[in-house]
Amino acid sequence: MSAAVGQAPPPAAMPGADRIIEVVGVSRRFAKRLDFAGRILAKLGVPLRDEVVHAVDGVDLTIRRGEVVGLVGESGCGKSTLGRMVAGILPPSDGTILWKGRDRTALQGKEAREAVLQAQMIFQDPMSSLNPRLKVAEIIGEAPLYHGLTRRSGLAEYVDEQMRRAGLDPAFKARYPHQFSGGQRQRIGIARALAVQPEFLVCDESVAALDVSIQAQILNLFMRLRRELNLTYLFISHDLGVVEHLSDRVVIMYLGRVVEEAPTETVFARANHPYTQSLLASVPRIEARKKAFATVKGEIPSPLNPPSGCHFHPRCPHAFDRCRAEVPVLREVAPGHRSRCHLNDEPGRAGLAA
Amino acid sequence: MEPNVAATAAPPTLQVRNLRTHFLTRAGVVPAVDDVSFTVRRGKVLGLVGESGSGKTVTGFSVMRLVDEPGRIVGGEILFNGRDLVRAPEEEMRQLRGNRIAMIFQDPMMTLNPVLRIDTQMIETMQAHTKVSREDARQRARDTLGMVGIPSPDERLKAYPHQFSGGMRQRVAIAIALLHRPELIVADEPTTALDVTIQGQILAEVQKLAATTGTAIIWITHDLSVVAGLADDIAVMYAGRIAEYGSVEDVLDHPLHPYTVGLLGSVPSRNRRGEPLRQIPGMTPSLMNLPPGCPFQARCPRAADICRQDPPMAEILPAHEARCFRPHLAENEVAA
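Keep in mind that what you see is a predicted model, and the values were worked out from it rather than measured.

Novice: Help me understand the overall build of chain A, please; the structure alone is not making it clear to me.
Specialist: When helices and strands are counted, chain A shows 12 helices and 12 strands. In summary, chain A has a C-alpha radius of gyration of 22 Å against a globular reference of 20 Å for 354 residues, a match within 12%. Across its three principal axes, chain A shows a C-alpha extent of roughly 70 × 60 × 45 Å. Taken across its 354 residues, chain A has 44% of its residues classed as buried. Long-range contacts, defined here as pairs at least 24 residues apart, represent 67% of the contacts in chain A between residues at least 6 apart.

Structure, rendered in structure tokens:
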């Protein structure tokens, strides 16, 4: 179980056994129902309908034990919604999520409770995810006490240990969240998540709001915890530099769909999907001086009214007729490398992958 | 990069000398900007880089003379084409702002009025500074929207701010800043809230703008990699002061100040994948009770006894300044 701590995960020897999370055909829709006046107008024949957003649209994703999977995409691509479903705090509209090979909704009693505890989430803004009226010791100690992970007599010691592990001085346990800096608050969020002894963490833009020097400290903490506690991560970020540094595998989403998935080196060296390629070209890098900033034309379309066929076709430099009509499937272009692009079926276009 | 070539000719667009902006609070004096000097020439982009609380935004607001009480410019000069703005009367500043000096904010809704259509706002801005007919003003507004890459500007003029996406709203705010073809733009984190592909589009427009119109730009940001691709010069701020100042190549390729070195080291792409990032220990000090001497000494790996004295800003290498007693210098170079 702990053979490959801190290393790239071994290839799946026994299918199912080392998979901590399997997302199968999961979708999530959010509907804005018509109000009373709208319903009356609709009855009278005015063409009004409920507005439905397909935030996540038929996603398959497997995360193996000990792996760090980076989930990348721009605003509105559904990465946070997917993260919440994977963490178990938002039910999917369609599809199933398997926790260690078993459907999470089918789990009962103790097993269900354990599955919930073992997947924890760390949010972007620690100020809005920490109760401002609770002291740090209460924030961290509440859940483990309730779930019987520690006794009341040993609680103080337990909380101290959690704080030390997240790089906080236990002397500050009687303070309130507003008395800490942004980086320290994020450490409180991490200590709270770890206090229930999870195996799997979903980090949703957890370092996006931090200054570079503090961001480095928190990223180092995540990597150290991964080694020490054998954690598995789904690391959601819009920052490709952070994802490249941390992840074993990268999944790229665009408007609710996964467009590409591959080991990290492959994505950054040989991106297959035109969206991934343009995303990588847009990222400013310190090494690039007086750069001609690559411009992807157009804007991210509204998820209320996504384009037909491949969602990326209006912005894609290689789009052809089929892209407008038919949704491409996510299929393997090399071992472990999947891409959702019609160009891979075009024999003359083989050079695109290079 | 270019030493005092242009010094003899026309004055640079903006020259800030020993600027001090302090906040006189009940709890004490906060030296948010302390002895800051830099120069921006025509068509050049200066990247003003720093972490939260380093004073980069207050520097930008000081140049606009937009610092509110209890903040006050307590010393120094802000020379705009040779004219000192610190001592300029308020009416003169009102004439300059939005006309010859413009500001772009992180949140475009700071610029835009949510209840007015874009055309109303743009025409109003035009007519505030120049005698121009509504029709001509509308024409200019239309052209400017087109220039910043807004498709079908004629239709979009009739829209309200909420009908635009975040990236498009920022373009509108930039268009409003450009209406009077300003000589200087102060841009405060304008692409920070935007997605990478949209940020790339806006940075490309800004580059084109500086090159074609000769507008001088101060680009305030926390993101070193944006500045690397965009700016000509960089000033790195720490605790209200400029720690290091020079051309992009000098500062990023041969950083002198240990803070710049630490900042560059903590960028993930500069580290080997999966290995611990080089981090700067500790956190930024409170400006209210800075230790005497260099404000970075407590976090600095090179700190020595001398650092308890105040380091002066010094030209350690040609056209490359740092405020440090013990700068990083290559072995073959001799300290000045």
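Here the narrative resumes, following the displayed structure.
Novice: How should the domain arrangement of chain B be read in this particular structure?
Specialist: How big an interface is tends to be reported as the loss of accessible area on association of its parts. Residues and elements named next belong to chain B. According to the domain assignment, chain B contains domain 1 (14–100 + 183–322) and domain 2 (111–179). A straight line from the C-alpha centre of domain 1 to that of domain 2 covers 30 Å. On the domain 2 side, the residues contacting the 10 residues of domain 1 number 10 residues. It is helix H7 (residues 196–213) that provides the largest number of residues to the side of domain 1 that touches domain 2, a total of four residues. Grouping the amino acids of the side of domain 1 that touches domain 2 by side-chain chemistry returns six nonpolar, three polar and one charged.

Novice: Would you take a moment to explain the pairing of strand S1 (residues 14–25) of chain B for this structure?
Specialist: The side chains of a regular strand alternate, first on one face of the sheet and then on the other. Residues and elements named next belong to chain B. Direction of pairing for S1 relative to strand S2 (residues 28–40): antiparallel, over a ladder of nine bridges. Paired with Val-16 across the bridge in S2 is Phe-38. In this antiparallel pair of consecutive strands, S1 and S2, the connection spans two residues. Bridging between S1 and strand S4 (residues 71–80) involves eight bridges; their strand directions are antiparallel. Bridge assignment links Phe-23 to a residue of S4, and that residue is Gly-71.

Novice: Hey, could you run me through the confidence of the model for chain B in this one?
Specialist: Note that predicted coordinates carrying low pLDDT should not be read in detail. All names here are of chain B. A residue-level look at chain B finds 95% of positions with pLDDT of 70 or above and a mean pLDDT of 89. This model gives residues 1–7 a pLDDT under 50, and the stretch forms six contacts once residues within four places in sequence are excluded. Predicted confidence is poor over residues 331–336, with pLDDT under 50, and the contacts of this stretch with residues over four places away or in other chains come to two contacts. Interface confidence for the predicted complex, expressed as ipTM, amounts to 0.80; the pTM equals 0.85.

Novice: When you look at the pairing of strand S8 (residues 216–221) of chain B in this model, what are you seeing that I'm missing?
Specialist: All names here are of chain B. S8 sits mainly inside the fold: six of its six residues count as buried. On S8, burial covers both faces: Ala-216, Ile-218 and Ile-220 on one face and Ile-217, Trp-219 and Thr-221 on the other are all buried. Both strand S3 (residues 45–49) and S8 contribute to a ladder of five bridges, which runs parallel. Among the inter-strand pairings, Val-45 is bridged to a residue of S8, identified as Ile-217. Pairing geometry for strand S7 (residues 184–188) and S8, over five bridges, is parallel. Within S8, the position partnered with Val-186 by the bridge is Ile-218. With H7 bridging S7 and its parallel neighbour S8, the resulting β-α-β unit is right-handed.

Novice: Sorry if this is basic, but what is going on with the interface of chain B and chain A here?
Specialist: Taken together, the contact pairs 38 residues of chain B with 35 residues of chain A. The biggest single contributor to the side of chain B that touches chain A is H7 of chain B, with eight residues. Counted by class, the side of chain B that touches chain A contains 18 nonpolar, 15 polar and five charged residues.

Novice: Could you clarify how one ought to interpret the environment of Val-132 of chain B in this entry?
Specialist: All names here are of chain B. With respect to the helices and strands, the residue Val-132 is situated in the loop between helix H3 (118–129) and helix H4 (134–147). For Val-132, a count of 14 C-beta atoms within 10 Å puts it in the partly exposed group. Contact partners of Val-132, with chain neighbours within four places excluded, come to Met-126, Gln-127 and Ala-137.

Novice: How should I be thinking about unusual backbone geometry in this particular structure?
Specialist: Negative phi is the rule for most residues except glycine; trans is the rule for most peptide bonds. The residue after Glu-69 of chain B, namely Pro-70 of chain B, is reached through a cis peptide bond having omega 5 degrees. Relative to the assigned elements, Pro-70 of chain B resides in the loop between helix H1 (56–63) and S4. One non-glycine residue, Gln-197 of chain A, lies in the positive phi region at around 55 degrees. One can find Gln-197 of chain A in the loop between helix H7 (182–194) and strand S7 (200–204). You can call Gln-197 of chain A partly exposed: it has 15 C-beta atoms within 10 Å. Despite not being glycine, Leu-255 of chain A shows a phi value in the positive range, around 45 degrees. Examined against the element boundaries, Leu-255 of chain A turns out to sit in the loop between strand S9 (249–254) and strand S10 (257–263). Judged by C-beta crowding, with 23 C-beta atoms within 10 Å, Leu-255 of chain A ranks as buried.

Scoring rules and cut-offs
- Residues numbered from 1 in each chain as written.
- Chains lettered and ligands numbered in written order.
- Predicted model: local features only at pLDDT ≥ 70, side-chain atom pairs only at ≥ 80, totals over all residues.
- Helix = DSSP H or I, 4+ residues; strand = E, 2+ residues; numbered from the N terminus.
- Rg over C-alpha atoms; globule rule 2.2 N^0.38 Å.
- Buried ≥ 20, exposed ≤ 12 C-beta atoms within 10 Å, placed from the backbone.
- Contact = placed C-beta atoms within 7 Å.
- Domains from an automatic or database assignment.
- Nonpolar A, V, L, I, M, F, W, Y, C, P; charged D, E, K, R; others polar.
- Pairing = 2+ DSSP bridges.
- pLDDT = per-residue confidence, 0-100.
- Right-handed = clockwise from strand over helix to strand, strands pointing away.

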